[in-house]
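Chain residues, written in single-letter form:
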Amino acid sequence: MLDAFLDEHRAGLRETLAGLTEEQARRRLVPSATTLLGLLKHVTFVERVWSEEAVLQRPRTEIGLPATVDETFVLHDADTIASVLDAHEKACATARSIAATVGLDDLVHGNRRGPLSMRWVQLHLLRELAQHAGHADILREQVLAADARDA
(Lines give C-alpha, C1' and ligand atoms only; values in the text may rest on other atoms or scores of the structure.)
Protein backbone atom coordinates (compact mmCIF):
# COMPACT_ATOMS: atom_id res chain seq x y z
CA MET A 1 0.00 0.00 0.00
CA LEU A 2 2.85 2.37 0.78
CA ASP A 3 4.30 1.88 -2.70
CA ALA A 4 0.87 2.43 -4.25
CA PHE A 5 0.35 5.68 -2.32
CA LEU A 6 3.81 6.92 -3.29
CA ASP A 7 3.13 6.14 -6.95
CA GLU A 8 -0.28 7.82 -6.77
CA HIS A 9 1.28 11.08 -5.59
CA ARG A 10 4.14 10.79 -8.09
CA ALA A 11 1.62 10.43 -10.92
CA GLY A 12 -0.57 13.20 -9.57
CA LEU A 13 2.33 15.62 -9.54
CA ARG A 14 3.20 14.76 -13.15
CA GLU A 15 -0.44 15.14 -14.19
CA THR A 16 -0.53 18.76 -12.99
CA LEU A 17 1.60 19.61 -16.03
CA ALA A 18 -0.72 17.87 -18.51
CA GLY A 19 -1.88 20.15 -21.30
CA LEU A 20 0.05 23.18 -20.08
CA THR A 21 2.32 25.34 -22.18
CA GLU A 22 5.94 25.87 -21.19
CA GLU A 23 5.01 29.40 -20.10
CA GLN A 24 2.16 28.18 -17.90
CA ALA A 25 4.37 25.52 -16.28
CA ARG A 26 7.00 28.18 -15.48
CA ARG A 27 4.60 30.90 -14.32
CA ARG A 28 5.35 32.29 -10.86
CA LEU A 29 2.23 33.04 -8.86
CA VAL A 30 3.80 33.28 -5.41
CA PRO A 31 6.74 35.33 -4.11
CA SER A 32 8.99 32.25 -3.86
CA ALA A 33 10.53 30.48 -6.85
CA THR A 34 7.75 27.87 -6.68
CA THR A 35 6.22 27.05 -10.06
CA LEU A 36 4.53 23.93 -11.36
CA LEU A 37 7.63 22.93 -13.31
CA GLY A 38 9.85 23.88 -10.37
CA LEU A 39 7.80 21.69 -8.03
CA LEU A 40 8.33 18.67 -10.24
CA LYS A 41 12.03 19.47 -10.49
CA HIS A 42 12.14 19.73 -6.69
CA VAL A 43 10.41 16.39 -6.08
CA THR A 44 12.85 14.80 -8.54
CA PHE A 45 15.59 16.01 -6.21
CA VAL A 46 13.64 14.68 -3.22
CA GLU A 47 13.35 11.20 -4.79
CA ARG A 48 17.08 11.14 -5.44
CA VAL A 49 18.08 12.46 -2.01
CA TRP A 50 16.03 9.87 -0.15
CA SER A 51 17.10 6.96 -2.34
CA GLU A 52 20.59 7.65 -3.62
CA GLU A 53 21.88 9.81 -0.76
CA ALA A 54 20.02 8.43 2.28
CA VAL A 55 19.90 4.76 1.32
CA LEU A 56 22.98 4.33 -0.88
CA GLN A 57 25.00 6.92 1.07
CA ARG A 58 26.22 8.68 -2.07
CA PRO A 59 27.14 12.37 -1.61
CA ARG A 60 25.09 14.94 -3.52
CA THR A 61 28.17 16.12 -5.40
CA GLU A 62 28.77 12.59 -6.67
CA ILE A 63 25.20 12.20 -7.96
CA GLY A 64 25.00 15.71 -9.39
CA LEU A 65 22.45 17.20 -6.99
CA PRO A 66 22.33 20.78 -5.71
CA ALA A 67 23.65 21.40 -2.23
CA THR A 68 20.54 23.26 -1.02
CA VAL A 69 16.82 22.70 -1.33
CA ASP A 70 16.21 26.24 -2.63
CA GLU A 71 18.35 25.52 -5.69
CA THR A 72 16.06 22.65 -6.66
CA PHE A 73 13.23 25.01 -7.63
CA VAL A 74 15.40 27.09 -9.97
CA LEU A 75 14.54 26.60 -13.62
CA HIS A 76 17.17 26.83 -16.33
CA ASP A 77 16.61 27.41 -20.05
CA ALA A 78 17.15 23.70 -20.72
CA ASP A 79 14.39 22.74 -18.27
CA THR A 80 11.27 21.92 -20.26
CA ILE A 81 8.13 20.05 -19.36
CA ALA A 82 9.43 17.05 -21.30
CA SER A 83 12.94 17.11 -19.77
CA VAL A 84 11.72 17.54 -16.19
CA LEU A 85 9.06 14.82 -16.62
CA ASP A 86 11.74 12.49 -18.00
CA ALA A 87 14.12 13.21 -15.13
CA HIS A 88 11.30 12.66 -12.63
CA GLU A 89 10.27 9.34 -14.16
CA LYS A 90 13.88 8.13 -14.09
CA ALA A 91 14.35 9.26 -10.48
CA CYS A 92 11.16 7.47 -9.43
CA ALA A 93 12.19 4.27 -11.20
CA THR A 94 15.57 4.39 -9.46
CA ALA A 95 13.94 5.13 -6.10
CA ARG A 96 11.55 2.18 -6.54
CA SER A 97 14.46 -0.14 -7.40
CA ILE A 98 16.50 0.98 -4.42
CA ALA A 99 13.55 0.77 -2.02
CA ALA A 100 12.84 -2.80 -3.18
CA THR A 101 16.25 -3.87 -1.84
CA VAL A 102 15.70 -2.52 1.68
CA GLY A 103 13.31 -3.77 4.35
CA LEU A 104 11.06 -1.20 6.02
CA ASP A 105 12.66 -1.88 9.40
CA ASP A 106 16.22 -1.69 8.03
CA LEU A 107 18.25 1.36 8.99
CA VAL A 108 19.67 3.69 6.36
CA HIS A 109 22.67 5.82 7.23
CA GLY A 110 23.07 8.47 4.56
CA ASN A 111 20.96 11.27 6.05
CA ARG A 112 22.23 14.14 8.18
CA ARG A 113 19.65 13.22 10.87
CA GLY A 114 21.54 10.00 11.52
CA PRO A 115 20.29 6.44 11.11
CA LEU A 116 16.62 6.22 10.07
CA SER A 117 14.41 3.27 9.35
CA MET A 118 13.42 2.78 5.74
CA ARG A 119 9.82 3.01 6.97
CA TRP A 120 10.55 6.54 8.24
CA VAL A 121 12.17 7.44 4.91
CA GLN A 122 9.23 6.14 2.86
CA LEU A 123 6.65 7.82 5.10
CA HIS A 124 8.58 11.09 4.99
CA LEU A 125 8.70 10.85 1.20
CA LEU A 126 4.96 10.17 1.10
CA ARG A 127 4.30 13.19 3.32
CA GLU A 128 6.46 15.45 1.17
CA LEU A 129 4.92 14.25 -2.10
CA ALA A 130 1.40 14.75 -0.72
CA GLN A 131 2.23 18.28 0.43
CA HIS A 132 3.71 19.24 -2.93
CA ALA A 133 0.84 17.62 -4.81
CA GLY A 134 -1.50 19.96 -2.93
CA HIS A 135 0.67 22.93 -3.83
CA ALA A 136 0.68 21.85 -7.47
CA ASP A 137 -3.11 21.44 -7.58
CA ILE A 138 -3.59 24.98 -6.32
CA LEU A 139 -0.97 26.46 -8.68
CA ARG A 140 -2.54 24.68 -11.67
CA GLU A 141 -5.97 25.99 -10.70
CA GLN A 142 -4.57 29.52 -10.48
CA VAL A 143 -2.79 29.26 -13.85
CA LEU A 144 -5.90 27.97 -15.61
CA ALA A 145 -8.21 30.50 -13.92
CA ALA A 146 -5.96 33.41 -14.87
CA ASP A 147 -5.81 32.27 -18.47
CA ALA A 148 -9.60 31.81 -18.60
CA ARG A 149 -10.08 35.39 -17.31
CA ASP A 150 -7.65 36.72 -19.91
CA ALA A 151 -9.31 34.82 -22.78
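Further up the page is the structure itself.
Our subject in this report is the structure included herewith.

Procedures and definitions
Residues numbered from 1 in each chain as written. Predicted model: local features only at pLDDT ≥ 70, side-chain atom pairs only at ≥ 80, totals over all residues. Heavy atoms only, no water. Helix = DSSP H or I, 4+ residues; strand = E, 2+ residues; numbered from the N terminus. Rg over C-alpha atoms; globule rule 2.2 N^0.38 Å. Buried < 20%, exposed > 50% of the residue type's maximum accessible area, 1.4 Å probe, protein only. Contact = heavy atoms within 4.5 Å. Areas by Shrake-Rupley, 256 points an atom, 1.4 Å probe, with all protein chains shown as cover. Lys, Arg positive; Asp, Glu negative; His and termini not counted. Charge placed at Lys NZ, Arg CZ, Asp CG, Glu CD. Axes fitted to C-alpha atoms, helices over the stretch in contact; angles between N-to-C directions. Parallel < 35°, antiparallel > 145°, perpendicular 65-115°, else oblique. Left-handed = near helix turned anticlockwise from the far one by under 90°. Nonpolar A, V, L, I, M, F, W, Y, C, P; charged D, E, K, R; others polar. Expected span 1.5 Å × (residues − 1). Arc of directions from axis to C-beta. Polar contact = N/O pair within 3.5 Å; in protein donor to acceptor, adjacent residues only side chain to side chain.

Within the chain, the secondary structure is distributed over six helices and two strands. The order of helices and strands in the chain, counted from the N terminus, is α-α-α-α-α-β-β-α. What you see for the chain is a C-alpha radius of gyration of 16 Å, in line with the 15 Å of a compact globule of 151 residues. Taken along its principal axes, the extent of the C-alpha atoms in the chain is 55 × 35 × 25 Å. Looking at the chain as a whole, 43% of its 151 residues qualify as buried. Considering only contacts in the chain between residues 6 or more positions apart, those separated by 24 or more positions represent 73%. Roughly 8000 Å² of accessible area belongs to the chain as shown, and the carbon and sulfur atoms make up 56% of that amount. Each charge class in the chain was averaged separately, 17 positive and 23 negative side chains, and the resulting centres sit 3 Å apart.

What follows is about the packing of helix 1 (residues 2–15) against helix 6 (residues 118–150). At a minimum axis separation of 9 Å, helix 1 and helix 6 run at an interaxial angle of 25°. Here helix 1 lies roughly parallel to helix 6, going by the angle between them. At the point where helix 1 passes helix 6, the crossing takes the left-handed sense. Here helix 1 contributes Leu2, Asp3, Phe5, Leu6, His9, Arg10, Leu13 and Glu15 to the contact with helix 6, which in turn contributes Gln122, Leu123, Leu125, Leu126, Leu129, Ala130, His132, Ala133, Ala136 and Arg140. For the contact of helix 1 with helix 6, the per-class residue count stands at 11 nonpolar, three polar and four charged.

What follows deals with the packing of helix 3 (residues 36–53) against helix 6. At a closest axis distance of 10 Å, the pairing of helix 3 and helix 6 adopts a crossing angle of 175°. Relative to helix 6, the element helix 3 lies roughly antiparallel. Contacts between helix 3 and helix 6 involve Leu36, Leu39, His42, Val43, Val46, Glu47 and Trp50 from the former and Trp120, Val121, His124, Leu125, Glu128, Leu129, His132, His135, Ala136, Leu139, Arg140 and Val143 from the latter. The residue inventory of the contact of helix 3 with helix 6, partitioned by class, reads 12 nonpolar, four polar and three charged.

Quick look at the environment of Ile63 now. Relative to the helices and strands, Ile63 resides in helix 4 (residues 60–63). Using a relative accessible area of 7% as the deciding quantity, one classes Ile63 as buried. Taking the C-alpha atoms as reference points, Ile63 and Gln142, 79 residues apart in sequence, are found 35 Å from one another. Beyond its immediate stretch of four places on either side in the chain, Ile63 contacts Arg48, Glu52, Glu53 and Arg58.

Quick look at helix 1 now. Since the α-helix turns once every 3.6 residues, residues separated by three or four places project in the same direction. Helix length check: helix 1 (14 residues) gives 20 Å between terminal C-alpha atoms against 20 Å at 1.5 Å per residue, within 8%. Three or more residues of helix 1 are buried, namely Leu2, Leu6, Arg10, Leu13 and Arg14. All buried residues of helix 1 lie within an arc of 105° about the axis, which places them on one face of the element. Residues of helix 1 that are exposed and point more than 90 degrees away from the buried face comprise Glu8 and Glu15. Tucked inside the fold, the buried residues of helix 1 contact helix 3, helix 5 (81–99) and helix 6.

In this section: the side chain of Thr34. Mapped onto the elements, Thr34 comes out in the loop between helix 2 (22–26) and helix 3. Of the residues examined, Thr34 reaches a relative accessible area of 17% and is grouped as buried. At a separation of 2.8 Å, a polar atom in the side chain of Thr34 contacts the side chain of Ser32. In contact with Thr34, not counting residues within four places along its chain, are Arg28, Leu39, Phe73 and Leu139.

Tracing the backbone through its elements, the reader meets Arg58 in the loop between helix 3 and helix 4. Under the relative-accessibility criterion, Arg58 is labelled partly exposed at 30%. Along the sequence, Arg58 and Gly110 sit 52 residues apart, while their C-alpha atoms lie 7.3 Å from each other. In this view, Arg58 contacts Glu52, Glu53 and Ile63; residues no more than four positions away in its chain are not counted. One polar contact links Arg58 to Glu62, side chain to side chain, over a distance of 2.7 Å.

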